[in-house]
Amino acid sequence: MVLAAAIVDVYRLQDARTFAYSAANDAALRGASFGRDWTRFMATGEMSLNPYAATGAAQSALEQVMQARGMSNYQYQIGVLPTPGGGTFSLPAPCASRASLWNTTTWTETQPAVGVCVQIQVPTLLFGLVNGNQPVTVNAFAAAGVVEQ
């Protein structure tokens, strides 16, 4: 029975992490796509992002996918690098270094980009008995940039 509970917990955690990466990725792509600043592009010839439009689009996409999955116990942070040269963004709370596949607390891009960090609380069976019945936190980070061709 203990082995079955451990397998169920591992499956739930892996499923939540895969979902969180997918949700963060979709939101970042939506933010980068709908946040393009075409007015500035027409004026300067360089693509940049409107930070308000990019953040709004990413937030809307993330909230829709979370609602569709029936999740309400989550946090997120959206960061936008709006300038044509990109830049470096420090991942704020709730992001943790383990949210990134590269185990870092900063994110650097050479082009305009949107980064989305998602933190989901996952209830567990066996692991809940070990940690005082507290949910396990799953972190995920994804970014999408705008590239000129």
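Residues numbered from 1 in each chain as written. Predicted model: local features only at pLDDT ≥ 70, side-chain atom pairs only at ≥ 80, totals over all residues. Heavy atoms only, no water.

Novice: In this structure, what is going on with the overall build of the chain? I would like to understand it.
Specialist: From N to C terminus, the chain includes 4 helices and 5 strands. Put simply, the chain runs from its N terminus to its C terminus through helices and strands in the order α-α-α-β-β-β-β-α-β. Within the chain, the fraction of its 149 residues that count as buried is 38%. Look at the contacts in the chain between residues 6 or more apart in sequence, and 67% of them connect residues 24 or more apart. A total of about 8200 Å² of accessible surface is found on the chain, and carbon and sulfur atoms cover 56% of it. (Helix = DSSP H or I, 4+ residues; strand = E, 2+ residues; numbered from the N terminus. Buried < 20%, exposed > 50% of the residue type's maximum accessible area, 1.4 Å probe, protein only. Contact = heavy atoms within 4.5 Å. Areas by Shrake-Rupley, 256 points an atom, 1.4 Å probe, with all protein chains shown as cover.)

Novice: Even after reading the chapter, I still don't get the sheet that holds strand β4 (residues 113-122), so can you show me in this structure?
Specialist: Backbone-to-backbone hydrogen bonds pair the strands of a sheet. The strands run either parallel or antiparallel. The strand order across the open sheet built from 3 strands is β1-β4-β5, with neighbouring strands paired in antiparallel fashion. Every other strand in the sheet has two partners, leaving β1 (74-81) and β5 (136-145) as the edge strands with one partner each. Each strand axis lies, on average, 10 degrees off the axis of its neighbour in the sheet, ignoring direction. In this fold helix α3 (residues 51-69) packs onto β1 and β4, with an angle of close to 155 degrees to the strand it touches most, β1. (Pairing = 2+ DSSP bridges. Axes fitted to C-alpha atoms, helices over the stretch in contact; angles between N-to-C directions.)

Novice: Explanation requested: α3 in the structure shown.
Specialist: Side chains of residues three or four places apart in an α-helix project in the same direction, reflecting 3.6 residues per turn. When the terminal C-alpha atoms of α3 are compared, their 27 Å separation across 19 residues agrees well with the 27 Å that a helix rising 1.5 Å per residue should span. Three or more residues of α3 are buried, namely A54, A57, A58, A61, L62 and M66. Taken down its axis, α3 places every buried residue within 155 degrees of arc, on the same side. Turned more than 90 degrees off the buried face of α3, the exposed positions are Y52 and Q67. Among the residues of α3, the N-terminal cap falls to N50, whose side-chain oxygen and the backbone nitrogen of Y52 are separated by 2.9 Å. Just downstream of α3, G70 is the residue with a positive phi angle, here 80 degrees. (Expected span 1.5 Å × (residues − 1). Arc of directions from axis to C-beta. Polar contact = N/O pair within 3.5 Å; in protein donor to acceptor, adjacent residues only side chain to side chain.)

Novice: I would appreciate a short explanation of the confidence of the model for the chain in the present structure.
Specialist: Should the pLDDT be low somewhere, the predicted coordinates at that spot are not to be read in detail. Overall, the predicted model of the chain reaches an average pLDDT of 84, with 85% of residues at or above 70. Least confident of the elements in the chain is helix α4 (residues 126-130), whose mean pLDDT is 62; most confident is α3, at 95. (pLDDT = per-residue confidence, 0-100.)

Novice: Is there a simple way to think about the packing of aromatic side chains in this case?
Specialist: Two descriptors summarise a pair of aromatic rings, namely the distance from one centre to the other and the angle between the planes of the rings. Scanning all chains against the criterion turns up 2 aromatic pairs. With centroids separated by 5.7 Å and ring planes inclined at 85 degrees, the aromatic side chains of W38 and F41 adopt a geometry described as edge-to-face. With W38 and F41 both in helix α2 (residues 38-44) and 3 residues apart, the pair spans about one turn of that helix. Residue W38 is classed as partly exposed on the basis of its relative accessible area of 47%. With a relative accessible area of 25%, F41 lands in the partly exposed category. Consider the rings of Y74 and Y76, whose centres lie 6.1 Å apart with planes at 25 degrees: the pair is stacked. A relative accessible area of 24% places Y76 in the partly exposed class. Sitting over the face of the ring of F19, R69 holds its NZ or CZ atom 4.2 Å from the ring centroid. (Phe/Tyr/Trp six-rings, centres within 6.5 Å; stacked < 30°, edge-to-face > 60°. Lys NZ or Arg CZ within 6 Å of the ring centre and 35° of its normal.)

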